[in-house]
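Listed below are the residues making up each chain.
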2 protein chains.
Amino acid sequence: MKQHELEFWFGFASPYAYVSAMRIEEWVSAVGITVRWMPFLLDPVFKAQGWETSPFNLYPMKGRYMWRDVERLCSRGRLPFVQPEKFPQNSLLATRLAVAGGEQEWLIAFCKRLLHEEFGRGKDISGRPAIESILGEFADDASLWLERAQSPETKALLHERGAEAKRKHIFGSPSFITSDDELFWGDDRLEQAIEWILKRR
Amino acid sequence: MKQHELEFWFGFASPYAYVSAMRIEEWVSAVGITVRWMPFLLDPVFKAQGWETSPFNLYPMKGRYMWRDVERLCSRGRLPFVQPEKFPQNSLLATRLAVAGGEQEWLIAFCKRLLHEEFGRGKDISGRPAIESILGEFADDASLWLERAQSPETKALLHERGAEAKRKHIFGSPSFITSDDELFWGDDRLEQAIEWILKRR
């Protein structure tokens, strides 16, 4: 597999992943950095810290602040933002599909569109109809991919993705990892991850 | 008391407060914003979330990342950085002293110097000798201030400072609050707090 200069790790349930997904391409294409999108499940990461749900729900002051912060970030970046009623949303099927998609041409467009539905329009993206409809915009064989998403092979891939996240010390979304294993956490560290790569070229 | 455009809330045990303290003056003076330094104790805030110590100790992956992140931030900002052996340090006396100091001329210089000793040189700043010696550099009557720091009046002031932090929904350090009650959390939000003020002038 081709080595990329930057890995963009994100969970579909993560509001800050939405902000990063909408802006990362412009940034990296401006400086010619190759990025691999690495969707992963946050639940096992949270469980490893002893959290049964998102820390934004466990710590309401932080959660309240987070939504305001995301709203401000979207406003500054001229991104639409609607807080979904349910948070975090179950993103198992979406993540399986995206992991099954590997580096398919539709992958990035699909991920962006899904995050946009969820946080730009406040929609529910947990069910198969919503996901299949979105994928159908970018891939001809959406229902085939949905089948693949639920295959044992994909489940194994997703499991391995989680193991890789753990090996790479990832504890939140979004995270950016350079090819020399430097970890940057949070949408607000994207620029520093890019700076890190440029300085070492 | 004079109304300031920005309040800079910080705990002396907070590595990111060190980074902010070292850079906030240059930023705000460049655009002519008035700032009030608001030292406060983080312990009650953590306890309110159910944490007996810093979340950076409770969640080792986050803690490990935090030290690396602070090291990088210091490197980018050309700030000295030495990770102290003990973390978090007991900052009760330092906070009492800084709260007693109110808006004394020595306050900012003292806070910066203390944070620099702690995170720029990795020194222990929990004891009276270290604190008195630092204050002595900026105030003639250091020992008098140390007495005041331990008076019932100061303890009441510190308690009220904590209550104010709670009213203002502060949950971490550093936090920046504008005079129209907009809360920004984290060193990386300083620029956005300033932008917020400038846009509303």
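Above this text you will find the structure in question.
Residues numbered from 1 in each chain as written. Chains lettered and ligands numbered in written order. Predicted model: local features only at pLDDT ≥ 70, side-chain atom pairs only at ≥ 80, totals over all residues. Heavy atoms only, no water.

Peer 1: Sorry if this is basic, but what is going on with the interface of chain B and chain A here?
Peer 2: One frequent convention defines the size of an interface as the accessible area lost when the parts assemble. With 25 residues of chain B at the interface, the matching set in chain A holds 25 residues. Together, the buried faces of chain B and chain A total about 2800 Å²; carbon and sulfur atoms form 50% of this surface. Among the salt bridges present, the one from Glu-182 of chain B reaches Arg-68 of chain A, with a minimum N-O distance of 2.7 Å. Inspection of the region where chain B meets chain A yields 19 residue pairs in polar contact (both at pLDDT 80 or more). Secondary-structure elements contributing two or more residues to the side of chain B that touches chain A are helix H4 (60-76), strand E4 (183-185) and helix H10 (190-199) of chain B. Sort the elements by how many residues they give to the side of chain B that touches chain A and H4 of chain B lands first, with nine residues. Here the residues of the side of chain B that touches chain A are counted per class, giving 12 nonpolar, three polar and 10 charged. (Contact = heavy atoms within 4.5 Å. Buried area = accessible area lost by both parts, 1.4 Å probe. Salt bridge = Lys/Arg side-chain N within 4 Å of Asp/Glu carboxyl O. Polar contact = N/O pair within 3.5 Å; in protein donor to acceptor, adjacent residues only side chain to side chain. Helix = DSSP H or I, 4+ residues; strand = E, 2+ residues; numbered from the N terminus. Nonpolar A, V, L, I, M, F, W, Y, C, P; charged D, E, K, R; others polar.)

Peer 1: In this structure, what is going on with the packing of helix H4 (residues 60-76) of chain A against H10 of chain B? I would like to understand it.
Peer 2: The angle between the axes and the distance between the axes are what describe a pair of packed helices. It is at 13 Å that the axes of H4 of chain A and H10 of chain B come closest, and there the two elements cross at 65 degrees. Here H10 of chain B runs roughly perpendicular to H4 of chain A, going by the angle between their axes. In the packing of H4 of chain A onto H10 of chain B, the handedness of the crossing is left-handed. Within the contact between the two elements, H4 of chain A uses Arg-68, Arg-72, Leu-73 and Arg-76 of chain A and H10 of chain B uses Gln-192, Glu-195 and Trp-196 of chain B. Of the residues that constitute the contact of H4 of chain A with H10 of chain B, the class distribution is two nonpolar, one polar and four charged. (Axes fitted to C-alpha atoms, helices over the stretch in contact; angles between N-to-C directions. Parallel < 35°, antiparallel > 145°, perpendicular 65-115°, else oblique. Left-handed = near helix turned anticlockwise from the far one by under 90°.)

Peer 1: Please clarify how unusual backbone geometry should be interpreted in this entry.
Peer 2: As a rule of thumb, non-glycine residues mostly have phi less than zero, and peptide bonds are mostly trans rather than cis. A cis amide bond links Ser-173 of chain A with the next residue in sequence, Pro-174 of chain A, at an omega value of -5 degrees. For Pro-174 of chain A, the location among the structural elements is in the loop between helix H9 (152-167) and strand E3 (175-178). At Arg-78 of chain B, a position not held by glycine, the phi torsion is positive, near 55 degrees. The exposed category is assigned to Arg-78 of chain B, whose relative accessible area is 77%. (Buried < 20%, exposed > 50% of the residue type's maximum accessible area, 1.4 Å probe, protein only.)

Peer 1: For this particular structure, what's the right way to read the sheet that holds strand E4 (residues 183-185) of chain A?
Peer 2: Sheet strands associate in pairs through backbone hydrogen bonding, adopting either a parallel or an antiparallel arrangement. Residue and element names in this part refer to chain A. Read from one edge to the other, the open sheet built from four strands follows the order E2-E1-E3-E4, with strand pairing classed as mixed. Of all strands in the sheet, those with a lone pairing partner are strand E2 (35-39) and E4, marking the two edges. Averaged over all adjacent pairs, the angle separating strand axes in this sheet is 20 degrees, with direction ignored. With three bridges joining them, E3 and E4 adopt antiparallel strand pairing. Bridging from a neighbouring strand, Phe-176 pairs with Phe-184 of E4. Here helix H10 (residues 190-199) sits on the sheet and contacts strand E1 (6-10), E3 and E4; the angle it forms with E3, its principal contact strand, is near 5 degrees. (Pairing = 2+ DSSP bridges.)

Peer 1: Looking at this model, I keep getting lost on the state of the cysteines. Mind explaining?
Peer 2: Two cysteines whose sulfur atoms are joined by a covalent bond form what is called a disulfide. Residues and elements named next belong to chain A. For the coordinates displayed, the defined rule picks out zero disulfides over all chains. Residue Cys-74 stays outside any disulfide, its sulfur separated by 17 Å from that of Cys-111, the closest cysteine. Residue Cys-74 is classed as buried on the basis of its relative accessible area of 1%. (Disulfide = S-S within 2.5 Å.)

Peer 1: In this structure, what is going on with the pairing of strand E2 (residues 35-39) of chain B? I would like to understand it.
Peer 2: Residue and element names in this part refer to chain B. Counting buried positions along E2 yields five of five residues, so the element is predominantly enclosed. Residues of E2 alternate between two faces, with Val-35, Trp-37 and Pro-39 on one and Arg-36 and Met-38 on the opposite face, all of them buried. Examined bridge by bridge, strand E1 (residues 6-10) and E2 share five bridges and lie parallel to one another. Bridging across to E2, Phe-10 finds its partner in Pro-39. Traced from E1 through helix H1 (residues 15-31) to E2, the parallel crossover comes out right-handed. (Right-handed = clockwise from strand over helix to strand, strands pointing away.)

Peer 1: Looking at this structure, I do not really get the pairing of E1 of chain B. What am I missing?
Peer 2: Residue and element names in this part refer to chain B. With five of five residues buried, E1 lies mostly within the body of the structure. Residues Leu-6, Phe-8 and Phe-10 of E1 are buried on one face, and the alternating residues Glu-7 and Trp-9, pointing to the opposite face, are buried as well. The sheet contact formed by E1 and strand E3 (residues 175-178) spans four bridges and is antiparallel. Opposite Glu-7, over in E3, you have Ile-177 as the bridge partner.

Peer 1: Would you mind showing me how to read the environment of Val-28 of chain B here?
Peer 2: Residue and element names in this part refer to chain B. Relative to the helices and strands, Val-28 resides in helix H1. Note on Val-28: relative accessible area 7%, which makes it buried. Along the backbone, Val-28 and Glu-191 are 163 residues apart, and their C-alpha atoms lie at a distance of 9.4 Å. Look past the residues within four positions of Val-28 in its chain and what remains in contact with it is Leu-6, Ile-33, Val-35 and Ile-194.

Peer 1: What should I look at first to understand the pattern of salt bridges in this one?
Peer 2: Pairs can form between side chains of opposite charge once their charged atoms are near each other. Residues and elements named next belong to chain A. Under the counting rule described, the total for this entry stands at 42 salt bridges over all chains. Among the ionic pairs, Glu-132 bridges to Arg-128, the shortest N-O distance being 3.0 Å. With Glu-132 and Arg-128 both in helix H7 (residues 128-136) and four residues apart, this pair spans about one turn of that helix. Overall, Glu-132 belongs to the partly exposed group, its relative accessible area being 24%.

Any functional reading would require information that these geometric values do not contain.
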